[in-house]
Every structure is written in structure tokens, then in C-alpha cells.
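Overview (structure and organization)
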Amino acid sequence: MLTLENLVLAQDDFRLTANFAVPTGARVAVIGPSGAGKSTLLAAIAGFFTPASGRILWNGQDLAPLAPGARPLSILFQDQNLFPHLTVGQNLGLGLNPSLRLSAADRAAIATAIARTGLDGLADRRPGQLSGGQHSRVALARALLRARPLLLLDEPFAALGPALKAEMLALVAKIAAEANTTVLMVSHDPADARAFAPLAILVAEGQALAPRPTAELLDNPPPPLARYLGH
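Residues numbered from 1 in each chain as written. Predicted model: local features only at pLDDT ≥ 70, side-chain atom pairs only at ≥ 80, totals over all residues. Heavy atoms only, no water.

Along the backbone of the protein chain there are 8 helices and 11 strands. Relative to a compact globule of 231 residues, whose C-alpha radius of gyration would be 17 Å, the protein chain shows 18 Å and is just as compact. Dimensions along the principal axes, computed over C-alpha positions, put the protein chain at roughly 50 × 40 × 35 Å. Out of the 231 residues belonging to the protein chain, those deemed buried represent 47%. A fraction of 68% describes how many contacts in the protein chain between residues 6 or more apart in sequence connect residues 24 or more apart. Within the protein chain, one finds 19 positive and 17 negative side-chain charges whose respective centroids are separated by 6 Å. (Helix = DSSP H or I, 4+ residues; strand = E, 2+ residues; numbered from the N terminus. Rg over C-alpha atoms; globule rule 2.2 N^0.38 Å. Buried < 20%, exposed > 50% of the residue type's maximum accessible area, 1.4 Å probe, protein only. Contact = heavy atoms within 4.5 Å. Lys, Arg positive; Asp, Glu negative; His and termini not counted. Charge placed at Lys NZ, Arg CZ, Asp CG, Glu CD.)

Regular strands show a simple pattern: their side chains alternate between the two faces of the sheet. For strand E8 (residues 182-186), a buried count of 5 out of 5 residues is recorded, marking the element as mostly surrounded by other parts of the structure. Burial along E8 is two-sided: Thr 182, Leu 184 and Val 186 facing one way and Val 183 and Met 185 facing the other are all buried. As paired elements, strand E3 (residues 27-31) and E8 share 4 bridges and run parallel to each other. Following the sheet pairing, Val 30 is matched in E8 by Val 186. Sheet analysis places strand E7 (residues 150-154) next to E8, joined by 5 bridges and oriented parallel. Bridged to Leu 150 within E8 is Thr 182. The handedness of the E7 to E8 crossover, carried by helix H5 (residues 162-179), is right-handed. (Pairing = 2+ DSSP bridges. Right-handed = clockwise from strand over helix to strand, strands pointing away.)

Before going further, it helps to examine the confidence of the model for the protein chain. Of all residues in the protein chain, 99% attain a pLDDT of 70 or more, and the chain-wide mean is 90. Across the protein chain, strand E4 (residues 53-58) holds the top mean pLDDT of 97, while helix H4 (residues 132-146) sits lowest at 83. (pLDDT = per-residue confidence, 0-100.)

Next up, the structure:
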């Protein structure tokens, strides 16, 4: 379970508070007006933004002492952070061993991740030879290899067309369900939130509110969300 305990994020005139828990295995959309702090919230959980006060806990463990790479999570950004001089297989191998000294078991795991994410035949290609959708699949395969119990999605599929984005979200949902992975997904698209996430966190007016059913929130949005959605 992910718990945000009296969390305060602050920088200059920005301030965001959060005090709630996310059940293990939940898929949660993080929605709200632009600039409200959705990405900052994920950055704090991932260890890239230091809270002013409060705690971020995973199954009761305070994550504050842990560097980003040591936290029990993977995060996917819009920029997939692939190394252009390495092949797909090597980019995936970095998720297992930064030295790329891979065991037979590592190579088998990479092959499985490639197959599961629809990248068959692409292991020896470099990122410059891939489409946008293939970039997204490589990033997802790397997260799959890391096998962390918490997955943070900061709109990694935003640049994809509607059909491909829906396909990627369905693949994430399938993989997350099989591994009981908790997923938090920043989204500006209500349709994506409805399709992917049974629960949603509203970030607005300086608060990240406790998860509630996505359909309920979008069908009866509070004023700041209604204004953002154009209702």
C-alpha cells in the first residue's frame, strides 16, 4: 500500500498537500487542471522532489532515505529516456545490470519482455530506427523487467495516436493485473482515465484528494475539475 502521510510539497509559490492511501494493486488516474501539481506528486513519490514535510510510505516503509533507483517503483515519462547508441536489447539490459554483463537468466527475461510487449524482431535495432509506439513499448518492457510493485506513468503515451495509446494502456493494465502492480497515471484525457483507472486522484487548488471512483468523479466533477473539463 502506498501512503502519503500529511505530505506537503512546496517550491516558491507552489504548495500541494496530500493525506491518503492507495490500495495495493489499484490502477489510479491522477487528474486535474494543468499546473496543479500532478507530475510533481509523482516526482515526489519517485524521489526526484523532496517534500517540505510529511512522509511517503510503501507498505509502512518510509521512502525518504532511499535514492530514486532504490525505491520499489518504476516511472515512465513522456521522454522514454532510451540511450540512442544502444540497441533495444541493450537498453532493456540496463534495467537489469548497468554494466550490461548479463546472465543467461537475464537474457531469457529480456526475450520474454520483448515478446510480451510486441517487440519481436527489434532487439538489435537502435531507438532512431523505432516508431513512437515502439519507443513506448521499449520503455514499458524495461519497467516490466524491473518488476517493481509500483508503476508511475507521467503521460508516457501522450504523443501516440488514440488507437495506439488505447492499445498501450490496455497492455499496461494487463501486465499490472497479472503482477498485482499498483499504478498511478497522470492523465489529461478523461476517456483514458475512465478506460484505464477504476480510481482517480483529483489534484486541484493545492490539494491531492483521496482516490475515489473515476466515473463518479468525472460524472459529477467539483468546480475546479469542471472548469478544466469545460463543463
